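# Per-entry structural report
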Amino acid sequence: MAGLRRYLAFTRNSFARILSYRATVLMYVLGGMTQPLILFFLWRAVFAGAGAAEGGTAAGGAAGTVINGFSFPQMVGYLLFTVLAGSLIYGNADEVIANEVMDGSIAMNLARPLDYRRRIFFDHLGEVLYNFIAIGLPALALVFVVLGSAGRFPSAANLALGALSLAMAFFLNFYYRFSLGLMAMVTTNMWGLTRLEAVVANFLSGALIPLAFFPVWAREAVQFLPYASLVYAPAMAFLGMLRGAELLRLLAVQAAWVLAFRALSGAAWRGLTRRLAINGG
Amino acid sequence: MIRVDGLCKTFKAPKRFPGLRGAVKGLFSREYTYTTAVDDVSFRIAEGEVVGYIGANGAGKSTTIKMMTGILTPSAGRVTVAGVVPYENRMLNASRIGVVFGQRTQLWWDLPVSESLSLLRDIYEVKPAEYQERLAFLNGVLELDEFMMSPVRTLSLGQRMRADLAASLIHRPKVLYLDEPTIGLDAIVKERVRGAVKELNRSYGTTIVLTTHDLADIEELCRHIIVIDRGRKVYDGTLPELRAAYGRGRTIRAHIAGFASFDPAALDAALKALDPGASARKEADELVARFDASATGIAKVVQALMAACEIADYTVEETPIEDIVKRIYAEARRDVVAGDSVAGDPAAAAGRI
Ligand SMILES: Nc1ncnc2c1ncn2[C@@H]1O[C@H](COP(=O)(O)OP(=O)(O)O)[C@@H](O)[C@H]1O
Ligand SMILES: [Mg+2]
């Protein structure tokens, strides 16, 4: 792509920025690990309990127990996968935009020959790259170890579909965050909005519990929300938990959301820049 | 080069209410306050001009600049810069212009100046050879070397401004917008910034639009000046024309022999015969004569002075431009109050510059 170089500067810069705030980022990472860790112990207890109820010993029963299609190693694989997906959909493009709008520095960026969304994308990319290297790759390695040792190693097709689905999740997340960030131009209460959004996203994306555990009616509905496309869809594709038509449907929904949010963020940008007011001198 | 026609910008902001209760109320209120920052402004700027855009705080200078640079879309009216409408074709326009906002930096806070400049080189796709050449030029006029390797956050305000100027020029823009470039700078740095602006205009014919409320900037740099007050254009012309129209007052300051025992009463009377508004009096260690140059010639006043005392040396001063601009504001406000119904409190705002 022509002119890519001028945007790569932003990736380089945001990567460097993160490196210089490593300590802060590490705190976030460790904070982000607590949820999967707690969930790990929770699921271990749940699987052990279910195994015991089925008549096995409490400790041994876990290995053979299957709940809603998940064996214990698959559940651990799922949890680790949420960490991997989380690293790719981390990045806070929405905050970056909101801050630029609030402090008015967006003005300087609009005075440059740069497409704003593309610039934010490459900025975002630097953060995601760092997260992927620092968190995503180790999590991926662990996924392979856990699934491999349980004889559940993903097939080549699952790996390919999982990668495709992850890529879509990454783009969807970016367009979604970009749109959310633009809300800063119309609302003065960004903070409340993002808090609420984080809780909703955590639950509906499947990061907290696989959607397979939702009641059927809820699952059917939630699967069509964009959140499911962020974590649940790539995880199911990668782990090979869904096949055929069901999997294709999930991927198609994902692709549709990517395109929809791409269009939405573009339209919102064009609409809002017209009425944009720049704060400060 | 730049054409501005009937330009208006009205900001709409949610109405704010005082106190905590007010903050909550504000969340749900659909009431808005409207501020008209720029009100039907039109002007032309020719290629290669250095234009002073003058106005008090809040007059609408920055808002105009933001519309000229494509950052804001006007509520009404139209801007073209070198044939391009900035807010409709932002990217193309942005590649041809440079902007410095005195109150904020365009540099990367955590990076050394040199890194920021090379990022900008990539963004504007400047060829390496040209980049080196421009850097050498900028280094010559702005003396960047001493802080080239320092992170921007560690720079003094003056250094930062020099770095920002360099950053806005690395792609050799056709038009340079400087929004209060000397705000908060000390005299030496101000002088250097002005020198750089002059040099740039002279060497490359860059069109420069300068907003400021430091009128010394204007006197030194601009021939063409545009004055705006509360969003409205109140003057558009050259500095000599402005002086001819408003600046007829002159002041002669003289050091004279026997100052201590000199009585200016007779001289004062002699001057009043030439120009009823004239005066002569002692101020500190100087004899000061004030008169209107359109009522009497300077030569006549000097003659009267020489007849009254022995002059060691003297200087003739024109009306300070501050005073001229104050008069423009005062007249514009009088017109507004007398003319249409635009609300305002001229007494409270007058003299603000
Ligand atoms: N983003 C904004 N929202 C609401 N009002 C604004 C905004 N920006 C500027 N204004 C108002 O518009 C007027 C002109 O501001 P500005 O152009 O910054 O003046 P100047 O640069 O001449 O000091 C001021 O009254 C200011 O309060
Ligand atoms: Mg301003």
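Our subject is the structure that appears above.
Criteria and thresholds
Residues numbered from 1 in each chain as written. Chains lettered and ligands numbered in written order. Predicted model: local features only at pLDDT ≥ 70, side-chain atom pairs only at ≥ 80, totals over all residues. Heavy atoms only, no water. Helix = DSSP H or I, 4+ residues; strand = E, 2+ residues; numbered from the N terminus. Rg over C-alpha atoms; globule rule 2.2 N^0.38 Å. Buried < 20%, exposed > 50% of the residue type's maximum accessible area, 1.4 Å probe, protein only. Areas by Shrake-Rupley, 256 points an atom, 1.4 Å probe, with all protein chains shown as cover. Lys, Arg positive; Asp, Glu negative; His and termini not counted. Charge placed at Lys NZ, Arg CZ, Asp CG, Glu CD. Contact = heavy atoms within 4.5 Å. Salt bridge = Lys/Arg side-chain N within 4 Å of Asp/Glu carboxyl O. Polar contact = N/O pair within 3.5 Å; in protein donor to acceptor, adjacent residues only side chain to side chain. Nonpolar A, V, L, I, M, F, W, Y, C, P; charged D, E, K, R; others polar. Core = buried A, V, L, I, M, F, W, Y, C linked by side-chain atoms within 4.5 Å. Pairing = 2+ DSSP bridges. Near = heavy atom within 4 Å. Axes fitted to C-alpha atoms, helices over the stretch in contact; angles between N-to-C directions.

All right, on to the overall build of chain A then. Looking only at helices and strands, one finds 12 helices and 2 strands in chain A. Along its sequence from the N terminus, chain A presents helices and strands in the succession α-α-α-β-β-α-α-α-α-α-α-α-α-α. Computed over the C-alpha atoms, the radius of gyration of chain A is 20 Å, within 12% of the 19 Å expected from 2.2 N^0.38 for a compact globule of 281 residues. In terms of its C-alpha atoms, chain A occupies a principal-axis envelope of roughly 75 × 40 × 40 Å. Within the span of chain A, comprising 281 residues, buried residues form 51% of the whole. For chain A, the computed accessible surface area is about 12500 Å², with 70% contributed by carbon and sulfur atoms. Across chain A, 20 positive and 11 negative side-chain charges occur, with their mean positions spaced 7 Å apart.

The next thing to look at is the interface of chain A and chain B. Facing 33 residues of chain A, the contacting portion of chain B comprises 31 residues. The salt bridge involving Asp122(B) is made with Arg12(A); its shortest N-O contact spans 3.7 Å. Inspection of the region where chain A meets chain B yields 8 residue pairs in polar contact (both at pLDDT 80 or more). Of all the secondary structure elements, the ones that give two or more residues to the side of chain A that touches chain B are α1 (4–20), α6 (106–110) and α12 (244–275) of chain A. Examining the composition of the side of chain A that touches chain B, we find that 8 residues originate from one element, α1(A), more than from any other. Of the residues belonging to the side of chain A that touches chain B, the class tally is 14 nonpolar, 11 polar and 8 charged.

Residues Ile2(B), Met68(B), Tyr177(B) and Leu242(B) are the most contacted members of the largest nonpolar core, which totals 171 residues. Of all hydrophobic cores here, the second largest spans 17 residues; its members include Ala254(B), Phe262(B), Leu271(B) and Ala278(B).

Time to look at the pairing of strand β11 (residues 279–283) of chain B. All names here are of chain B. Here β11 pairs with strand β12 (residues 286–292) via 5 bridges, running antiparallel. Within β12, the position partnered with Glu283 by the bridge is Glu286. Here β11 folds back onto β12 in antiparallel fashion, the turn holding 2 residues, of which Ala284 has a positive phi close to 50°.

A separate point is the pattern of salt bridges. Residues and elements named next belong to chain A. By the definition in use, this model includes 32 salt bridges over all chains. Measuring nitrogen to oxygen at the nearest pair gives 3.0 Å for the salt bridge that ties Asp94 to Arg177. Placement of the pair is Asp94 in helix α5 (residues 93–103) and Arg177 in helix α8 (residues 156–182), with a sequence separation of 83 residues. In terms of burial, Asp94 and Arg177 fall into one category: buried.

This brings us to the site of ligand 1. Not every one of the 14 residues close to ligand 1 is listed here, only the nearest: Gly58(B), Gly60(B), Lys61(B), Ser62(B) and Thr63(B). One chain alone does not account for the residues near ligand 1; they come from chains A and B. Residue Ser62(B) places a side-chain N or O atom 2.7 Å away from an oxygen atom belonging to ligand 1. The side chain of Thr63(B) places a nitrogen or oxygen atom 2.5 Å from an oxygen atom of ligand 1. A total of 560 Å² of accessible area belongs to ligand 1 in isolation, and the protein chains cover 73% of it. At the level of secondary structure, the elements contributing two or more residues to the shell around ligand 1 comprise β2 (32–45) and α2 (61–68) of chain B. At 3 residues, α2(B) tops the list of elements feeding residues into the shell around ligand 1. Class assignment of the residues belonging to the shell around ligand 1 gives a composition of 6 nonpolar, 7 polar and 1 charged.

On to the sheet that holds strand β7 (residues 207–212) of chain B. Residue and element names in this part refer to chain B. If you trace the 6 strands from one edge of the open sheet to the other, you get β5-β6-β7-β3-β8-β9, paired in mixed fashion. In the strand order of this sheet, the two ends are held by β5 (97–101) and β9 (232–238), each with one partner. Across this sheet, the average inter-strand angle for adjacent strands is 15°, counted without regard to direction. Bridge count for β5 against strand β6 (residues 175–179) is 5 bridges, and the pairing is parallel. Paired with Val100 across the two strands is Leu178, which belongs to β6. Here α2 sits on the sheet and contacts β3 (50–54), β5, β6, β7 and β8 (224–229); the angle it forms with β7, its principal contact strand, is near 155°. Along the sheet face, helix α9 (residues 239–246) touches β8 and β9 and points at about 105° away from the line of β9.

What follows concerns the environment of Met183(A). Residues and elements named next belong to chain A. Checked against the element boundaries, Met183 lands in the loop between α8 and α9 (190–204). For Met183, a relative accessible area of 34% gives the class partly exposed. Placed 85 residues apart in sequence, Met183 and Ala268 show a C-alpha to C-alpha distance of 9.1 Å.

As a further point, take the side chain of Ser87(A). Residue and element names in this part refer to chain A. By secondary structure assignment, the location of Ser87 is in helix α4 (residues 72–88). Using a relative accessible area of 3% as the deciding quantity, one classes Ser87 as buried. With residues near it in sequence (within four places) discarded, Ser87 still touches Val128, Asn131, Phe132, Ile135 and Gly136.

Residue and element names in this part refer to chain B. As summarised here, the arrangement of the 4 strands in space is β11-β12-β10-β13, forming an open sheet in which the pairing is antiparallel. A single partner strand is all that each edge strand has here, and the edge strands are β11 and β13 (311–318). Neighbouring strand axes in the sheet, compared pairwise and without regard to direction, differ in orientation by 20° on average. Pairing analysis gives 6 bridges linking strand β10 (residues 249–256) to β12, with the strands arranged antiparallel. Bridged to Arg250 within β12 is Phe291. Contacting β10, β12 and β13, helix α11 (residues 298–308) runs over the sheet at an angle of about 25° to β10.

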